[in-house]
Amino acid sequence: TILSRVDILGNFYAPSVNATTALNLTSNGQFNVANPSRIETSRNTTNQTISSVAAYTYYPVLYNTVASDPFTQYTTANGRFTIKANYNGYYMFNVGVNVLPYTANRRYYIALFKNGIEISRLSDLLILANQYGALIGSCFASCAVGDYFDVRIASDIAANIELLAAPQTTFFNAIKIS
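Residues numbered from 1 in each chain as written. Predicted model: local features only at pLDDT ≥ 70, side-chain atom pairs only at ≥ 80, totals over all residues. Heavy atoms only, no water.

## With respect to the overall build of the protein
Thought 1: The helix and strand inventory of the protein stands at one helix and 17 strands.
Thought 2: In the protein, which comprises 178 residues, the proportion classed as buried is 45%. (Helix = DSSP H or I, 4+ residues; strand = E, 2+ residues; numbered from the N terminus. Buried < 20%, exposed > 50% of the residue type's maximum accessible area, 1.4 Å probe, protein only.)

Right, here's the structure in full:
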């Protein structure tokens, strides 16, 4: 569920959030976050290969570098970020996944899951022959203590998926905005 929006004038709206202090648009067009608590993770060292993939089935994206994470517990085995005590609120999530080409004319999907349920299909991309593909997306969601989030990828073809180890394009970050 998307819980907020930014209108054409840059005004931010979310239930129970003070739009003027939580998140606002500066005169140069950048967002200013009053409480910059954030998660920053990426896939830095090795590619992630997902084998025996079934078509249209989501698989977790696993990150191997956590740069900053004061308010969640990240589990590398399943790619889950679990919200710690005192860090409930509204978050802006940003995700990027870079896919290596195994099969031409293949469509990929990334989504954000909360407590095992898809809350936002962030991006989809058709990759043609001999192309790399970067899927990028953002969304807003509410978080309660104990909620867990994970990024998952799917494809329309039953074949291996390989995610590139590149911190600029295979990443997950979240910013607490209230």
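Now, onward.
## Observations concerning the nonpolar core
Proteins that are soluble and globular tend to have nonpolar side chains buried together.
Thought 1: Core analysis: the largest hydrophobic core is formed by 29 residues, its most contacted members being Phe93, Ile153 and Phe172.
Thought 2: Among the secondary structure elements, those contributing two or more residues to this core are β10 (80–83), β11 (89–100), β12 (106–114), β13 (117–127), β14 (133–143), β15 (148–155), β16 (161–163) and β17 (171–176).
Thought 3: Looking at which element gives the most residues to this core, the answer is β11, with five residues.
Thought 4: In this structure isoleucine 153 touches Ile50, Thr57, Tyr58, Tyr59, Val61, Val97, Val99, Tyr108, Tyr109, Ile110, Ile161 and Leu163, once residues within four positions along its chain are discounted. (Core = buried A, V, L, I, M, F, W, Y, C linked by side-chain atoms within 4.5 Å. Contact = heavy atoms within 4.5 Å.)

## What to know about the pairing of β13
Thought 1: Summarising the sheet, β12 and β13 pair through nine bridges and their orientation is antiparallel. Counted as the bridge partner of alanine 111 is arginine 121 from β13. (Pairing = 2+ DSSP bridges.)

## Structural notes on the state of the cysteines
Thought 1: Evaluated as defined, the whole model comprises zero disulfides.
Thought 2: Free cysteine: cysteine 139, not disulfide-bonded; nearest cysteine sulfur from cysteine 143 at 9.4 Å.
Thought 3: Residue class for cysteine 139 comes out buried when judged on its relative accessible area of 4%.
Thought 4: Here cysteine 143 falls in the buried class, since its relative accessible area comes to 5%. (Disulfide = S-S within 2.5 Å.)

## Looking at unusual backbone geometry
Thought 1: Here tyrosine 56, not a glycine, exhibits a phi torsion of approximately 60°, which is positive.
Thought 2: One can find tyrosine 56 in the loop between β6 (48–50) and β7 (59–60).
Thought 3: With a relative accessible area of 55%, tyrosine 56 lands in the exposed category.
Thought 4: A positive phi angle, near 55°, is found at asparagine 115, a position not held by glycine.
Thought 5: Take asparagine 115: it is sitting in the loop between β12 and β13.
Thought 6: Judged by its relative accessible area of 33%, asparagine 115 falls in the partly exposed class.

## Section: the pattern of salt bridges
Thought 1: If you walk through the whole model with that rule in mind, you get four salt bridges.
Thought 2: Between glutamate 118 and arginine 121 there is a salt bridge, with its nearest N and O atoms 3.4 Å apart.
Thought 3: For glutamate 118, a relative accessible area of 32% corresponds to the partly exposed category.
Thought 4: For arginine 121, a relative accessible area of 46% puts it in the partly exposed group.
Thought 5: With its nearest N and O atoms 2.6 Å apart, the salt bridge here joins aspartate 150 to arginine 152. (Salt bridge = Lys/Arg side-chain N within 4 Å of Asp/Glu carboxyl O.)

## Observations concerning the confidence of the model for the protein
Thought 1: When pLDDT is averaged across the protein, the result is 78; 76% of the residues are at 70 or more.
Thought 2: Model confidence for the protein, summarised as mean pLDDT per element, is weakest for strand β2 (residues 12–13) at 42 and strongest for β7 at 94.
Thought 3: Every residue in residues 1–21 is under pLDDT 50, and counting partners more than four places away or in other chains gives 35 contacts. (pLDDT = per-residue confidence, 0-100.)

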